[in-house]
Amino acid sequence: MDAATMPEAVGGLGLYARVSSHDQKADLERQVARLSKWAAKAGHRVVRVEAEIASGMNGARSKAKRSLVDPQVSTVVVEHKGRIGRMNVELVEAALSAHGCRLVVLDDGEVEDDLVL
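Analysis parameters
- The numbering scheme is per chain: residues are counted from 1 as the chain's sequence reads.
- At least 70 in pLDDT is required for a residue's local features to be given in this predicted model, at least 80 for side-chain atom pairs to be given and counted, and no such filter applies to totals for whole chains, interfaces and linings, which use all residues.
- The basis for every side-chain value is the complete set of heavy atoms in the structure, and neither hydrogens nor water enter the calculation.
- Throughout, exposure labels follow a simple rule: accessible area from a 1.4 Å probe, protein chains only, divided by the maximum for the residue type, with under 20% read as buried, over 50% as exposed, and the rest as partly exposed.
- Note on conventions: DSSP H or I runs of at least 4 residues are helices, E runs of at least 2 residues are strands, and numbering of each starts at the N terminus.
- The arc in question is the one spanned by the directions pointing from the helix axis to the C-beta atoms.
- Note on contacts: a residue pair is in contact if any heavy atoms of the two residues lie within 4.5 Å.
- A residue's pLDDT is simply how confident the predictor is in it, with values from 0 to 100.

Visitor: Would you mind going over helix α4 (residues 89-98) with me for this structure?
Guide: For the α-helix, the turn length of 3.6 residues means that residues three or four positions removed from each other point alike. Within α4, the full set of buried residues consists of V89, E93 and L96. Taken around the axis of α4, the buried residues stretch over an arc of 65°, which confines them to a single face. Across α4 from its buried face, at more than 90 degrees, point the exposed residues E90, L91 and A98. Packing partners of the buried residues in α4 comprise α2 (62-69), β3 (73-78), α3 (81-84) and β4 (102-107).

Structure below.
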């Protein structure tokens with residue numbers, strides 16, 4: 001389903017971008033811009049944007065945690081699954097789902113998964 005034809009999310013979107021090292025800062029900015037453009041094109045309400053430089057293997061990522069626990073965020077949007085974590089992303093999806101939230105993964109401009117808005 002194309003982003004422009006997706007129904008409006010209940011609640012708001014939390015956009016999350018991550019890179020592993022400081023020399024990838026341009027990629028971090030590109031991720032945020034792409035996520036923001038996608039949300040604007042689809043007409044979704046963004047309530048949180050978080051971008052951080054941290055390892056995907058490290059669970060101590062304060063900005064990811066803020067996105068995941070914000071009660072205003074009903075949908076967390078990332079560019080690739082690896083941005084939210086290198087492993088066990090299915091556990092994140094299950095935890096979000098248990099709280100009536102979802103994870104949407106954009107990849108090459110398309111929404112991946114059956115977890116669409």
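Anyway, onward from the coordinates.
Visitor: Teacher, can you tell me more about the confidence of the model for the protein here?
Guide: Low pLDDT means the predicted coordinates in that region are not meant to be read closely. Scored by pLDDT, the protein comes out at a mean of 82, with 83% of its residues at no less than 70. Within the protein, no element has a lower average pLDDT than strand β5 (residues 110-112), which sits at 45, and none a higher one than strand β2 (residues 46-53), at 95. Contacts from residues 1-9, a stretch scored under 50 in pLDDT, to residues over four places away or in other chains number 21 contacts. Here residues 109-117 is modelled with pLDDT under 50, and outside its nearest four sequence neighbours on either side it reaches 29 contacts, counting other chains as well.

Visitor: I tried to follow the side chain of Q31 on my own but got confused; where do I start?
Guide: Its place among the elements puts Q31 in helix α1 (residues 25-42). Owing to a relative accessible area of 1%, Q31 belongs among the buried residues under this scheme. Setting aside anything within four residues of it in sequence, one finds Q31 in contact with A17, R18, V19, E79 and R83.

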